[in-house]
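Close look at the chain arrangement
One letter stands for each residue in the lines below.
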Amino acid sequence: MAENAAPADELPLSGITVVSIEQAVAAPFATRQLADLGARVIKVERPGGGDFARRYDTTVHGQSSYFVWLNRSKESVTLDLKSEQGRQVLEELLAQADVFVQNLAPGAAARMGLGADELAERFPSLIPCSVTGYGSSGPWADRKAYDLLVQCQTGLVSLTGSAREAARVGVSIADIAAGMYAYSGILTALFARATRGSVRAVEVSLFEALAEWMSQPAYYTAYSGAQPPRVGTRHATIAPYGTYTAADGKDVLLSVQNEREWAALCERFLGAPGLTDDPRFATGSARVSHREEVDALLAGRIAASDSGEVMELLDAIGIANAPVNDVKQFLEHPVLAGRDRWREVSVPGGETVAALLPPVDLAGTAPRMDAVPAVGEHTERILAQLGYTPDRIDALRAHGAI
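Residues numbered from 1 in each chain as written. Predicted model: local features only at pLDDT ≥ 70, side-chain atom pairs only at ≥ 80, totals over all residues. Heavy atoms only, no water.

This part covers helix α14 (residues 307-316). Considered for burial, the residues of α14 that qualify are S307, V310, M311 and L314. The buried side chains of α14 occupy one side of the element, clustering within an arc of 90° when seen end-on. Turned more than 90 degrees away from the buried face of α14 sit E312 and A316, all of them exposed. For α14, the secondary structure elements touched by its buried residues are β8 (251-255), α11 (259-269), α13 (291-302) and β9 (320-323). Of the residues flanking the end of α14, it is G318, one or two places downstream, whose phi is positive at about 80°. (Buried < 20%, exposed > 50% of the residue type's maximum accessible area, 1.4 Å probe, protein only. Helix = DSSP H or I, 4+ residues; strand = E, 2+ residues; numbered from the N terminus. Arc of directions from axis to C-beta. Contact = heavy atoms within 4.5 Å.)

What follows deals with the pairing of strand β4 (residues 99-102). Residue alternation in β4 divides its side chains into two sets, V99 and V101 and F100 and Q102, and both sets are buried. Where strand β1 (residues 17-21) meets β4, four bridges bridge the pair, whose relative direction is parallel. The residue bridging I21 from the neighbouring strand is Q102, located in β4. Across four bridges, β4 lies against strand β5 (residues 127-132) in parallel orientation. Paired with F100 across the strands is P128, a residue of β5. (Pairing = 2+ DSSP bridges.)

Orientation of helix α8 (residues 173-196) relative to helix α9 (residues 206-213), taken along the N-to-C sense of each, is 95°, at an axis distance of 8 Å. Here α8 is positioned roughly perpendicular relative to α9, judged by the angle of their axes. The segment α8 lies against α9, with I173, A174, D175, A177, A178, M180 and Y181 engaging L206, A209, L210, E212 and W213. Taken together, the residues that form the contact of α8 with α9 break down as 10 nonpolar, no polar and two charged. (Axes fitted to C-alpha atoms, helices over the stretch in contact; angles between N-to-C directions. Parallel < 35°, antiparallel > 145°, perpendicular 65-115°, else oblique. Nonpolar A, V, L, I, M, F, W, Y, C, P; charged D, E, K, R; others polar.)

On to the pattern of salt bridges, then. Using the criterion set out here, one finds 20 salt bridges in the structure. When the shortest N-O distance is used, the salt bridge between R381 and E75 registers 3.2 Å. Taken together, the positions of R381 in helix α17 (residues 379-385) and E75 in strand β3 (residues 75-78) put the pair 306 residues apart, joining distant regions of the chain. Put simply, E22, K43, D51 and K74 are held in one network by salt bridges that share partners. (Salt bridge = Lys/Arg side-chain N within 4 Å of Asp/Glu carboxyl O.)

Here the focus is unusual backbone geometry. Between A239 and the following residue, P240, the backbone shows a cis peptide bond with an omega angle of -5°. Along the chain, P240 falls in the loop between α10 (215-224) and β7 (241-245). Phi at S73 is positive, roughly 65°, even though this residue is not glycine. Examined against the element boundaries, S73 turns out to sit in the loop between α2 (65-70) and β3. Looking at S73, the relative accessible area reads 5%, which means it is buried. Located in the positive-phi region is D340, a residue other than glycine, with phi close to 60°. Residue position: D340 is located in the loop between α16 (334-338) and β10 (342-346).

As structure tokens, this is what we get:
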């Protein structure tokens, strides 16, 4: 693996301080992306257990796979925010911060005086970002939301799976979407503050983030009168686009996006150039309407050859294709190795893990890939930077405030 990144003070977001009361996936994903580009992210955790995502599993040298993914390059401070002393420390942190991120339970931030309006009065230059389930207003503002609940509420689950059974998407897609929009919203707010002097609060909900991603099937359903069907690894509205089993038992996915590709597939792969004149297959919509016939043609041809031969021929005629990898094969993917996408990151306990670089490359910029913090690892250092003496820190600890 290549060396880790340049020092944080050489990165685009160096000098930006983020304080985050965060848990689970969405908010931590947003702040980790800020940390990747040099922001100082101070993660406020509960004394004792910390972020409950630390205990989702213990697969990564005793650490949670979720937590290791989402929390590198951050500083962890433990504060009991139900105590007066803990809230005072938080106020001092916010007074020096540029951004405040929270994804507390519905209504919790307002009860603690951490709503956008209250923060604007006390810290006029602070950009607050709230990550919610269904928005801070409206009929569902007080409802809890988790990833799979939102997948169900937005209709995504109704599109995913086979004709016989619906299925969840296998990653936390609602959380990831919300984290991405929170990240871009914070960057936009920082830009507006820097260029116009205006401070804008940022709010993102899991539901509305995933609702945006549902726009294509929403348009399709609203204007066709029927939603796209569940078709497993096939594409609901493009054909041929799906997986077929080769002679060696391995699945191959192929995708035809236009009539030129369909003609090449018919002539050079199926050996049946006349199919392009068949009205059942002449257009994309016609092929979708006759999907079973299209699939039968391709299934028979692909079943006659090994997967390697099939993909080699598809490559030669310009048809996009791929094997259906499992996670282990993904980890060994030649693109990740050939493009040097892996770095080593330390985790609590002294071990290291292989971590992927962020997907956005900025020319001349190597993102920060620092350690994943232990619970409260930086508490004393952060308090000392705020001017707390060792005796005051001991007193806070004695009172359970840290």
